[in-house]
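Coordinate inspection notes
Next come the chains, spelled out residue by residue.
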Amino acid sequence: MRFTALLHHVNIELFRSSYYNLKRRAAAGVDGVTWQAYGDGLEERLADLHGRIHRGAYRAKPRVRILKTDGRQRPLGIAALEDKIVQSAVVRVLNQIWEEDFPDFSYGFRPGRSRHDALDALYVGITSKKVNYVPGLDIRSFFDKVGHDHMEKFVRHRIGDERLVRLIPGRRNGLRKGRWYRRCLPISTCIMCSICGCRHGRGRWRTATRFVVRYADDAVLGFQYREEAEKFLADLQERVRKFGLELHPEKTRLIEFGRYAAERRTKRGEGKLEPSTFWVSLTSVGRITRPGTSWCTGRRSASAGRPS
């Protein structure tokens, strides 16, 4: 189903809520207006902004260029405060649509789904399912290489209101360089990875995968048989290439798992297994630990308490 009339949801009440949700001490944008300064005459400003958007007269502020130490210039990516209000409001409307579409195994950049929840799901998956092989995958330079044409096509699958689509500034200039980067990128990452990535893991691979946990562009899956896990990785590599992406050759690997995994590796002389990059990225950023849990075996010591 495509939504063809959405702009009426971008109203003054939503703008007001978006304004108060902004960081009050954040640096001023390219126009030099701070949160406190914009609050003077707030209702008049929001009414004017609402009118310009619905007349089609709103234009995001262009970025300015600043000098680098080597003499080159680069665009300043800090959006004007008014643009932040619009971006936040639009993202909140889009979230209401795609939150109904995203699979349950999708975490990161979603309301009420933190890295703690992702680790909880991973813990349950590796301890309650018949899992012997765990592919850990990462999309290489996702935020730099994500195809904007594909992204816009995916958005238009659900959004048929061109007035709302026009509120996505810089949408043809690349996400990292676009003015919508900070607020558009989270939901865009979920949309792109959901369609071209791990949703594929629960499509034709539904019977083979024991669990899937995705956090942004990283994911961990569970398989019982090695040949199924290897075939999945090869199949997924071909699929993401269709969208101009590729799996990271160093961060994507097949981890042998289970009660006897460490013993089998020792017999083969392969040594101790390094932790998954998925696990490392979440624990290092969130300072999350699983006391007594062995990533290689999935077993917990008798003295370990409840998972944090």
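Anything mentioned here points back to the structure above.
Below or above, wherever it landed, is the structure these notes cover. (Residues numbered from 1 in each chain as written. Predicted model: local features only at pLDDT ≥ 70, side-chain atom pairs only at ≥ 80, totals over all residues. Heavy atoms only, no water.)

With that settled, the discussion passes to the pattern of salt bridges. Under the defined criterion, the tally for this structure stands at 14 salt bridges. Of the charged contacts, one joins Arg52 and Glu82 as a salt bridge, the two residues approaching to 2.7 Å between their closest N and O atoms. In this pair, Arg52 is assigned in helix α3 (residues 42-55) and Glu82 in helix α4 (residues 81-98), connecting sequence segments 30 residues apart. For the pair shown, Arg52 and Glu82 are each scored as buried. (Salt bridge = Lys/Arg side-chain N within 4 Å of Asp/Glu carboxyl O. Helix = DSSP H or I, 4+ residues; strand = E, 2+ residues; numbered from the N terminus. Buried < 20%, exposed > 50% of the residue type's maximum accessible area, 1.4 Å probe, protein only.)

Summarising the element assignment, Asp138 is placed in strand β4 (residues 133-138). Within the buried set, Asp138 has no salt-bridge partner at all; the shortest N-O distance to an opposite charge, 4.6 Å, is to Lys251. With residues up to four places along the chain from it excluded, the contact list for Asp138 reads Asp217, Asp218, Glu246, Leu247, His248, Lys251 and Thr252. (Lys, Arg positive; Asp, Glu negative; His and termini not counted. Contact = heavy atoms within 4.5 Å.)

Quick look at the side chain of Arg214 now. Locating Arg214 in the fold gives a position in strand β5 (residues 209-215). Buried and without a salt bridge, Arg214 has Asp217 as its closest oppositely charged side chain, separated by 7.4 Å. At 2.6 Å, the side chain of Arg214 forms a polar contact with the backbone oxygen of Ala216. (Polar contact = N/O pair within 3.5 Å; in protein donor to acceptor, adjacent residues only side chain to side chain.)

Looking now at the packing of aromatic side chains. Aromatic ring pairs are reported here in terms of the distance separating the ring centres and the angle at which the planes meet. Counted under the stated rule, the structure contains six aromatic pairs. Between Tyr19 and Tyr20, the ring centres sit 5.1 Å apart and the planes meet at 70°, which makes this aromatic pair edge-to-face. Relative accessible area serves as the criterion here: at 43%, Tyr20 is assigned to the partly exposed category. Pairing Tyr20 with Trp35 gives two aromatic rings, centres 6.1 Å apart and planes at 65°, and the pair type is edge-to-face. Here the residue Tyr20 occupies a position in helix α1 (residues 12-21), and Trp35 occupies one in helix α2 (residues 35-39), the gap between them amounting to 15 residues. Relative accessible area serves as the criterion here: at 11%, Trp35 is assigned to the buried category. Three or more aromatic residues joined by ring pairs make a cluster, and in this case those are Tyr19, Tyr20, Trp35 and Tyr38. (Phe/Tyr/Trp six-rings, centres within 6.5 Å; stacked < 30°, edge-to-face > 60°.)

Remark: α3 packs on α4, axes separated minimally by 12 Å, with the N-to-C direction vectors making an angle of 65°. Handedness of the α3/α4 crossing: right-handed. In this structure, α3 contributes Leu49, Arg52 and Ile53 to the contact, and α4 contributes Glu82, Ile85 and Val86. Counted by class, the contact of α3 with α4 contains four nonpolar, no polar and two charged residues. (Axes fitted to C-alpha atoms, helices over the stretch in contact; angles between N-to-C directions. Left-handed = near helix turned anticlockwise from the far one by under 90°. Nonpolar A, V, L, I, M, F, W, Y, C, P; charged D, E, K, R; others polar.)

Between its terminal C-alpha atoms α3 stretches 20 Å, which fits the 20 Å expected from 14 residues at 1.5 Å a residue. Of all the positions in α3, only Leu42, Leu46, Leu49, Gly51, Arg52 and Ile53 are classed as buried. (Expected span 1.5 Å × (residues − 1).)

With that settled, the discussion passes to the packing of α1 against α3. In contact at an axis separation of 10 Å, α1 and α3 are set at 125° when each is read in the N-to-C sense. Of the possible angle classes, the one that applies to α1 and α3 is oblique. As for how α1 packs across α3, the hand of that crossing is right-handed. Only Leu42, Glu43, Leu46, Ala47, Leu49, His50 and Ile53 of α3 make contact with α1, whose side of the interface consists of Ile12, Phe15, Arg16, Tyr19 and Tyr20. (Parallel < 35°, antiparallel > 145°, perpendicular 65-115°, else oblique.)

Looking now at helix α7 (residues 148-158). An α-helical turn contains 3.6 residues, so a residue and the one three or four places further along point in the same direction. Of the residues making up α7, those classed as buried are His148, Met151, Glu152, Phe154, Val155 and Arg158. When α7 is viewed along its axis, its buried side chains cluster within an angular range of 160° and face the same direction. Among the exposed residues of α7, those oriented more than 90 degrees off its buried face are Asp149 and Lys153. (Arc of directions from axis to C-beta.)

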